[in-house]
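Here is what each chain is made of, one letter per residue.
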Amino acid sequence: MRERLALGGVVLLLFGGLTVWTLVSHRDGGPSEADRELYLTAMHDAPPIGVDLHAADPRGADARLAFQRADLSDPPLRLLFTRAGVPIVGVVGPGREALRVWTALSAVRGETHLTPIILGDAYAVAAHADAARFTSETPEAIIARARAIDVLTSSPVSDEPLPRGTLSGVAPRDERYETLLDPVMGFPIVEVAVALIPTDDPAEIPAWLSFGNWRGCPEPAVHVAWLTYLRERVGAVPVAIGADRIELRVDSPPSAPEERVALAELLARWAPGMLAHDRGTIEGWADTLVPSRSWSIWFSRPHTR
């Protein structure tokens, strides 16, 4: 009995020490990158992300040229998955570098006609690959349907009243993309994929990923329509599309209180489950999400983190 109690005490001390280390590390600026990668690697064995492409493989020629024009090093390319017979090619690297890669590739999109998108970790890429495998409708057909969708009139309005609150001062927030971060510790993920999508229009990316069409998440054409609308209204561009969220960089978020509230009400029609899950209010979104330069729009999905 004494030995068991002693062992229990050791475990408690060890757990307590790890907790204190975590808190102190966050207070002092966080653990080192090596510590973070060691922690994240030990969490689980992730599935492989795509397959390597040989340097001479013609399927990677356009992507390789895009990296050269973006003044990025010539990284090993991977075939992430195939969509409607078209290879979706990209790279895999540390989460802390993904936004830099996305920004550089976005700057040459007009020359390469390839649009970058961060896809997230191995599990998110697997979800995208499954959606591409089991979707028979082509991206072009989805995009054509999206042109006929008016999000202001066709998006469903819930019978339940929207949760209301009190509008306070705008709370600025640093640019932050959840797709790049571990959901528990908030550390950058060790490996994330950045894909190059064969389109000039970032709003069309959900059609190429076949993102959506599960309970709680609209079908891809609706997402294309919403991204088109938000680009015209606030200059929103998709930066990341993970397994269950679309994340946007917003160039011109509204500052007037009434505009922020009106836009928050519209976003609640696009992703009503997100508001309910966060137990938030329209005014809360108008204070935090809407004036931010980065929006993370989450759609509840079974069996995803």
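Note that the structure is predicted; figures quoted are calculated from it, not measured. (Residues numbered from 1 in each chain as written. Predicted model: local features only at pLDDT ≥ 70, side-chain atom pairs only at ≥ 80, totals over all residues. Heavy atoms only, no water.)

Helix and strand counts for the protein chain come out as 13 helices and eight strands. Summed over all atoms, the accessible surface of the protein chain reaches about 15900 Å², with 57% contributed by carbon and sulfur. (Helix = DSSP H or I, 4+ residues; strand = E, 2+ residues; numbered from the N terminus. Areas by Shrake-Rupley, 256 points an atom, 1.4 Å probe, with all protein chains shown as cover.)

When pLDDT is averaged across the protein chain, the result is 83; 76% of the residues are at 70 or more. Segment residues 2-32 is flagged for pLDDT under 50; beyond a separation of four residues in sequence, or across chains, it makes eleven contacts in the model. (pLDDT = per-residue confidence, 0-100. Contact = heavy atoms within 4.5 Å.)

With two bridges joining them, strand β1 (residues 51-52) and strand β2 (residues 78-83) adopt antiparallel strand pairing. Following the sheet pairing, Asp52 is matched in β2 by Arg78. Here β2 pairs with strand β3 (residues 86-93) via five bridges, running antiparallel. Across the sheet, the residue bridging to Arg83 is Val86, located in β3. In this structure, the hairpin formed by β2 and β3 is closed by a connection of two residues, where Ala84 is found at a positive phi of approximately 55°. (Pairing = 2+ DSSP bridges.)

Here we take up the side chain of Arg245. In this structure, Arg245 sits in strand β7 (residues 245-250). Although Arg245 is buried, it makes no salt bridge; Asp244 carries the closest opposite charge, 4.0 Å away. There is a polar contact of 2.7 Å between the side chain of Arg245 and the side chain of Ser296. Excluding residues that lie within four positions of it along the chain, Arg245 makes contacts with Glu178, Thr179, Phe211, Ala240, Ser296, Ile297 and Trp298. (Buried < 20%, exposed > 50% of the residue type's maximum accessible area, 1.4 Å probe, protein only. Lys, Arg positive; Asp, Glu negative; His and termini not counted. Salt bridge = Lys/Arg side-chain N within 4 Å of Asp/Glu carboxyl O. Polar contact = N/O pair within 3.5 Å; in protein donor to acceptor, adjacent residues only side chain to side chain.)

On to the packing of helix α10 (residues 220-234) against helix α11 (residues 257-270), then. Between α10 and α11, the shortest axis-to-axis distance is 12 Å and the interhelical angle comes to 170°. By the criterion of interaxial angle, the relationship of α10 to α11 is roughly antiparallel. Between α10 and α11, the residues in contact are His223, Trp226, Leu227, Tyr229, Leu230, Arg233 and Val234 and Glu259, Ala262, Leu263, Leu266, Leu267 and Trp270, respectively. (Axes fitted to C-alpha atoms, helices over the stretch in contact; angles between N-to-C directions. Parallel < 35°, antiparallel > 145°, perpendicular 65-115°, else oblique.)

Our next topic: the packing of aromatic side chains. Describing an aromatic ring pair means giving the distance of the ring centres and the angle of the ring planes. Considering all chains together, one arrives at five aromatic pairs under this definition. Aromatic pair Trp226 and Tyr229: ring centres 6.0 Å apart, planes at 85°, arrangement edge-to-face. Of this pair, Trp226 and Tyr229 are both found in helix α10, three residues apart, which corresponds to roughly one turn of the helix. For the residue pair Trp226 and Tyr229, the accessibility class agrees, reading buried in each case. When the centroid spacing of 5.8 Å and the interplanar angle of 65° are considered together, the rings of Trp270 and Phe299 count as edge-to-face. Of this pair, Trp270 sits in helix α11 while Phe299 is found in the segment after β8 (294-298), placing the two residues 29 residues apart along the sequence. The pair formed by Trp270 and Phe299 is uniform in burial state, with each residue classed as buried. Among the aromatic side chains, those forming a connected cluster through ring pairs are Phe211, Trp214, Trp226, Tyr229, Trp270 and Phe299. (Phe/Tyr/Trp six-rings, centres within 6.5 Å; stacked < 30°, edge-to-face > 60°.)

Another aspect to go through is the nonpolar core. Residues Leu119, Leu230, Leu248, Trp270, Trp295 and Phe299 are the most contacted members of the largest nonpolar core, which totals 58 residues. The element contributing the most residues to this core is α10, with nine residues. Excluding anything up to four places from it in sequence, Trp270 contacts Pro218, His223, Trp226, Leu227, Leu230, Ile246, Leu248, Ile297 and Phe299. Counting 26 residues, the second-largest nonpolar core is a separate cluster that includes Phe67, Val108, Ile118 and Leu196. (Core = buried A, V, L, I, M, F, W, Y, C linked by side-chain atoms within 4.5 Å.)

For the rest of this paragraph, the subject is the side chain of Ser292. Along the chain, Ser292 falls in the loop between α13 (282-287) and β8. In this structure the side chain of Ser292 is engaged in a polar contact, spanning 2.9 Å, whose partner is the backbone oxygen of Ser294.

With six of its six residues buried, β7 lies for the most part within the structure. The alternating pattern of β7 places Arg245, Glu247 and Arg249 and Ile246, Leu248 and Val250 on opposite faces, both of which are buried. By the bridge criterion, five bridges tie strand β6 (residues 236-241) to β7 in an arrangement that is antiparallel. Along β7, the bridge assignment pairs Pro238 with Leu248. Linkage of β6 to β7, two consecutive antiparallel strands, is achieved through a turn of three residues. By the bridge criterion, five bridges tie β7 to β8 in an arrangement that is antiparallel. Note that in β8 the partner of Ile246 across the bridge is Ile297.

It is at 8 Å that the axes of helix α7 (residues 139-146) and α10 come closest, and there the two elements cross at 55°. Taken together, the axes of α7 and α10 lie oblique to each other. Along this stretch, α7 crosses α10, giving a crossing that reads as right-handed. Of α10, the residues touching α7 (which contributes Ile142, Arg145 and Ala146) are Pro220, Ala221, Val224 and Ala225. Taken together, the residues of the contact of α7 with α10 break down into six nonpolar, no polar and one charged. (Left-handed = near helix turned anticlockwise from the far one by under 90°. Nonpolar A, V, L, I, M, F, W, Y, C, P; charged D, E, K, R; others polar.)

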